[in-house]
Amino acid sequence: QSSFGQSVTPSQKPTSTVKGDSRILYHDGPVMVGAANVYAIWYGCWDETCRTGNTATKAILSDFMVNVGSSPYMQVNAMYPNSFGQTPSGAVLFGAQSFDQYSRGLELTATDIQAIVRDQIEGNHLPPDPSGIYLVIASVDVSSNATGFCVPGAFPHHGSGFANGSQFKYAFAGNA
């Protein structure tokens, strides 16, 4: 049972082994070393008032975030050292979650996504964690054309910002 109160039945567990020896191309960017906390920011409508099925999606994603940190998928990251030979631990822990009901509207820019994270930290809804990853998960009715979300050939949107004088790292997942 996850910390979200969702039980996993035997039929929901994977039936095959995970291929954990895949290689990722490293392009000399910064590498996060050590374990990282993941903080979910549920942006938009994620409760039973939504007509879009977001409550089921939220349950699936919550279970994934609670359990992915100990999976072979995350251990693949431990195979990639930075230029100093430091490697990520491959460990990710679920830190906390918060909710934001459309504070920046239905169409988000990169600046909006950073502001959503900053507002959650500065409003004491989530802790400041320079080693953490803040994941803005948008409901189905929210888009981000400005970041290239759902545009063929566009890269996933992620970056960093500042709150209370401390840097944070964030990623955006729309229509999860």
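Provided above is the structure to which this section pertains.
Computed from a predicted model, the values in this text were never measured in an experiment.

Rules and cut-offs
Residues numbered from 1 in each chain as written. Predicted model: local features only at pLDDT ≥ 70, side-chain atom pairs only at ≥ 80, totals over all residues. Heavy atoms only, no water. Helix = DSSP H or I, 4+ residues; strand = E, 2+ residues; numbered from the N terminus. Buried < 20%, exposed > 50% of the residue type's maximum accessible area, 1.4 Å probe, protein only. Contact = heavy atoms within 4.5 Å. Areas by Shrake-Rupley, 256 points an atom, 1.4 Å probe, with all protein chains shown as cover. Expected span 1.5 Å × (residues − 1). Lys, Arg positive; Asp, Glu negative; His and termini not counted. Salt bridge = Lys/Arg side-chain N within 4 Å of Asp/Glu carboxyl O. Arc of directions from axis to C-beta. Phe/Tyr/Trp six-rings, centres within 6.5 Å; stacked < 30°, edge-to-face > 60°. Lys NZ or Arg CZ within 6 Å of the ring centre and 35° of its normal.

K.L.:
Explain the overall build of the chain to me, and be specific about the residues and the numbers.
P.N.:
Scanning the chain from terminus to terminus reveals 3 helices and 5 strands. Starting at the N terminus and walking to the C terminus, you meet the elements of the chain as β-α-α-β-α-β-β-β. Out of the 176 residues belonging to the chain, those deemed buried represent 33%. Counting only contacts in the chain whose residues sit at least 6 apart along the sequence, the fraction spanning at least 24 positions is 74%. For the chain, the accessible surface area stands at approximately 10200 Å², while carbon and sulfur atoms represent 56% of it.

K.L.:
An account of helix 3 (residues 110-122) is needed here, citing residue identities and associated values.
P.N.:
End to end, helix 3 covers 18 Å across 13 residues, agreeing with the expected 18 Å (1.5 Å per residue, within 8%). Of all the residues in helix 3, the buried ones are D112, I113, A115, I116, V117, Q120 and I121.

K.L.:
Please provide a residue-by-residue account of the side chain of K58, values included.
P.N.:
With respect to the helices, strands and loops of the structure, K58 is situated in helix 1 (residues 54-67). Among buried charged residues, K58 stands out as having no salt bridge; its nearest opposite-charge side chain is E48, 9.0 Å away. The residues contacting K58, other than those within four sequence positions of it, are W42, W46, Q97 and F99.

K.L.:
Now, about helix 1: what can you tell me, with residues and values included?
P.N.:
Residues three or four positions apart in an α-helix share a direction because the helix packs 3.6 residues into each turn. A rise of 1.5 Å per residue sets the reference length of helix 1, with its 14 residues, at 20 Å; its end C-alpha atoms lie 20 Å apart and thus fit the reference within 8%. Listing the buried residues of helix 1 in full gives N54, K58, L61, S62 and M65. Buried residues of helix 1, viewed axially, fall in a sector of 105 degrees; they line one side. Of the exposed residues in helix 1, the ones pointing more than 90 degrees away from its buried face are I60 and F64. Those residues of helix 1 that are buried lie in contact with strand 1 (34-43), strand 2 (88-100) and strand 3 (133-138).

K.L.:
Run through the packing of aromatic side chains, naming residues and quoting values.
P.N.:
For the coordinates displayed, the defined rule picks out 5 aromatic pairs. Judged by centre distance (6.2 Å) and plane angle (55 degrees), the rings of F168 and Y170 are tilted. The pair formed by F168 and Y170 is uniform in burial state, with each residue classed as buried. Lying over the aromatic face of W42, K58 brings its terminal NZ or CZ to 5.4 Å of the ring centre.

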